[in-house]
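Understanding the architecture of this molecule
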Amino acid sequence: MNILFCVFTYYPNKDGVQTVTQYQAEGLAKLGHMVTIITSNHKNHEKVKEVHNGVKIIRIDAYTDNMLDYGNKKEYQKLLIEQSKNNDVVICVCPESWPTNWAIPVQKYIKCKKIMIIHGMHEFNMTNMRFNIFSFTKKIIGNIRWGIFYKKNMKNIKNFDAFIHLHEKDYSYQYFLKKKTKNNFVLYNAVEKDFFIDNVKKDNIIINVGTYCKNKNQLECLDVFYKSSLKDYKLILIGNQKNEYYKELVKRKEELDKIYGNRNVDIYANLDRKTTVNLIKSAKIYLLTSFSEKFPVSLLEAMASKCAFVSTDVGVVKYLSGGIVGKTEEELIKALNLFSNPENLEKYSTEGYQFAEENSRIDTQVKRLEEILKQVIEK
């Protein structure tokens, strides 16, 4: 098959959507398919065109910021229509980003099959929302922005030949079924095989991996850790750069040391991938305090490494095995304290590992994607 992905983030970026799209594209290429990516040239990527791990990459001037799309819309639409002539299927990744937003008006000119991969979507209800100024304001603005978007575009969105969702309980899956879209599939996120190694020495480490930002809410990681009873543990935070939020974390650690006494905390930025993977594998507990997530790959990586997890009630996390979900900071602290008992730690870490083993191996999920593509194309 000739396959075209249109996605707002890709190599050499480092984020959740990039990670999943990249292993899908490269996995399909290894299976013998011709794979092309149209993505963003934002953040000053020097190479407009290149081939990386068997995948052809084309970058254009386009990006989404604060729910609005910027860049050369006409160039993208022209490129998309031309590229689609040589492909069996076009895959638009994420409905609330420029590659999909700009594809919808010209989809009638795309003669090959069209599939939308949905890494979650804006949730219009207030269920499980943690109320503060940041999250409440974001929710209200999002309800207006995406309410107008889906009302205006749902008729055309239904013209896509299939939709792929992260999980059976994901909000997007339920929403699209209610809108009576056709051919809705589920494809779980997956992780590298290096995580599935069961003989790594575990240390008393609690870990969190993610971009340093307000939404990932690592400040609460610090607060929960310092207020917990796990005084013989180290907390490790890993982010991609020393930005303003990183500075807030360093400052907050100093404040907490004065209040609760010095605790063992490392706040890393720009670690290489190998070091990050090794630290995740050596940890016993993964602590996720984000305000919003969908199906976080970093959490799956921890589960595959046999880490138990404690998490805020975000995305589909409460439907996963291997951890405890808390709706308040007090519940997160209580859950973390439960893992001071080795029996609890062993029980939850084993359950999480078994879930990841059965559902989140990259080879299995890429083959599943290939089967979906063949089914849609042949139909």
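Quick look at the structure, then. (Residues numbered from 1 in each chain as written. Predicted model: local features only at pLDDT ≥ 70, side-chain atom pairs only at ≥ 80, totals over all residues. Heavy atoms only, no water.)

**Points about the overall build of the chain**
When helices and strands are counted, the chain shows twelve helices and 16 strands. Over its C-alpha trace the chain gives a radius of gyration of 21 Å, about what one expects of a compact globule, namely 21 Å for 379 residues. Each principal axis of the C-alpha distribution contributes one length, and for the chain these read about 65 × 45 × 40 Å. Split into buried and exposed, the 379 residues of the chain put 55% on the buried side. Within the chain, contacts between residues separated by at least 24 positions form 69% of all contacts whose residues are at least 6 apart in sequence. If you sum the accessible surface of the chain, you get close to 17600 Å²; carbon and sulfur atoms cover 50% of it. (Helix = DSSP H or I, 4+ residues; strand = E, 2+ residues; numbered from the N terminus. Rg over C-alpha atoms; globule rule 2.2 N^0.38 Å. Buried < 20%, exposed > 50% of the residue type's maximum accessible area, 1.4 Å probe, protein only. Contact = heavy atoms within 4.5 Å. Areas by Shrake-Rupley, 256 points an atom, 1.4 Å probe, with all protein chains shown as cover.)

**Description of the side chain of S228**
Along the chain, S228 falls in the loop between α6 (218–227) and β12 (234–239). Overall, the relative accessible area of 4% leaves S228 in the buried class. For S228, the side chain forms a polar contact with the main-chain oxygen of F225, separated by 2.7 Å. For S228, the side chain forms a polar contact with the main-chain nitrogen of L230, separated by 3.4 Å. (Polar contact = N/O pair within 3.5 Å; in protein donor to acceptor, adjacent residues only side chain to side chain.)

**A look at the packing of aromatic side chains**
Taken as a whole and assessed by the stated rule, the structure comprises 20 aromatic pairs. Note on W146 and F149: the rings are 5.4 Å apart at their centroids and 85° apart in plane angle, and the pair reads as edge-to-face. Linking W146 with F149, this pair stays in helix α4 (residues 133–157), spanning three residues, or about one helical turn. Looking at W146, the relative accessible area reads 5%, which means it is buried. By relative accessible area, which is 6% here, F149 ends up buried. Ring geometry for F160 and F163: centres 6.3 Å apart, planes at 40°, overall tilted. Here the aromatic residues F124, W146, F149, Y150, F160, F163, Y171, Y175 and F176 are joined through ring pairs into a cluster of three or more. The side chain of R263 reaches across the aromatic face of F225, ending 4.3 Å from its centre. Between the NZ or CZ atom of R263 and the centre of the ring of Y226, over which it lies, the distance is 5.8 Å. (Phe/Tyr/Trp six-rings, centres within 6.5 Å; stacked < 30°, edge-to-face > 60°. Lys NZ or Arg CZ within 6 Å of the ring centre and 35° of its normal.)

**Digging into the pairing of strand β3 (residues 49–52)**
Residues E50 and H52 line the buried face of β3, whereas the alternating positions K49 and V51 sit on a face that is not buried. Inspection of the sheet shows β3 paired to strand β4 (residues 55–60) by four bridges, in the antiparallel sense. Residue pairing in the sheet places H52 in a bridge with V55 of β4. Here β3 folds back onto β4, and the loop between the two strands holds two residues, one of which, N53, carries a positive phi near 50°. (Pairing = 2+ DSSP bridges.)

**A closer look at the sheet that holds strand β15 (residues 308–312)**
Spatially, six strands are ordered β13-β12-β11-β14-β15-β16 in an open sheet, and the strand pairing comes out parallel. The strands lining the two open edges of the sheet, one partner per strand, are β13 (265–269) and β16 (323–326). Within this sheet the neighbouring strands show an average axis-to-axis angle of 20°, counted without direction. Here α6 sits on the sheet and contacts β11 (205–209), β12, β13 and β14 (285–288); the angle it forms with β12, its principal contact strand, is near 175°. Its contacts with the sheet put helix α10 (residues 329–338) on β11, β14, β15 and β16, and the angle it makes with β15 is roughly 175°. (Axes fitted to C-alpha atoms, helices over the stretch in contact; angles between N-to-C directions.)

**Remarks on the sheet that holds strand β7 (residues 89–93)**
What the eight strands build is an open sheet, ordered β3-β4-β2-β1-β7-β8-β9-β10; its pairing is mixed. Each edge of the open sheet carries a strand with a single partner, namely β3 and β10 (184–186). Across the sheet, the mean angle from the axis of one strand to that of its neighbour is 25°, orientation sign disregarded. Each of β1 (2–6), β2 (34–40), β3, β4, β7 and β8 (113–118) touches helix α1 (residues 16–30); the most contacted strand, β1, lies at about 170° to it.

**Points about the environment of E371**
By the secondary structure assignment, E371 is in helix α12 (residues 362–378). Exposure remark for E371: the relative accessible area of 45% places this residue in the partly exposed category. Spatially, the C-alpha atoms of E371 and Y11 are 25 Å apart, while their sequence positions differ by 360 residues.

The analysis is restricted to geometry; functional conclusions fall outside its scope.
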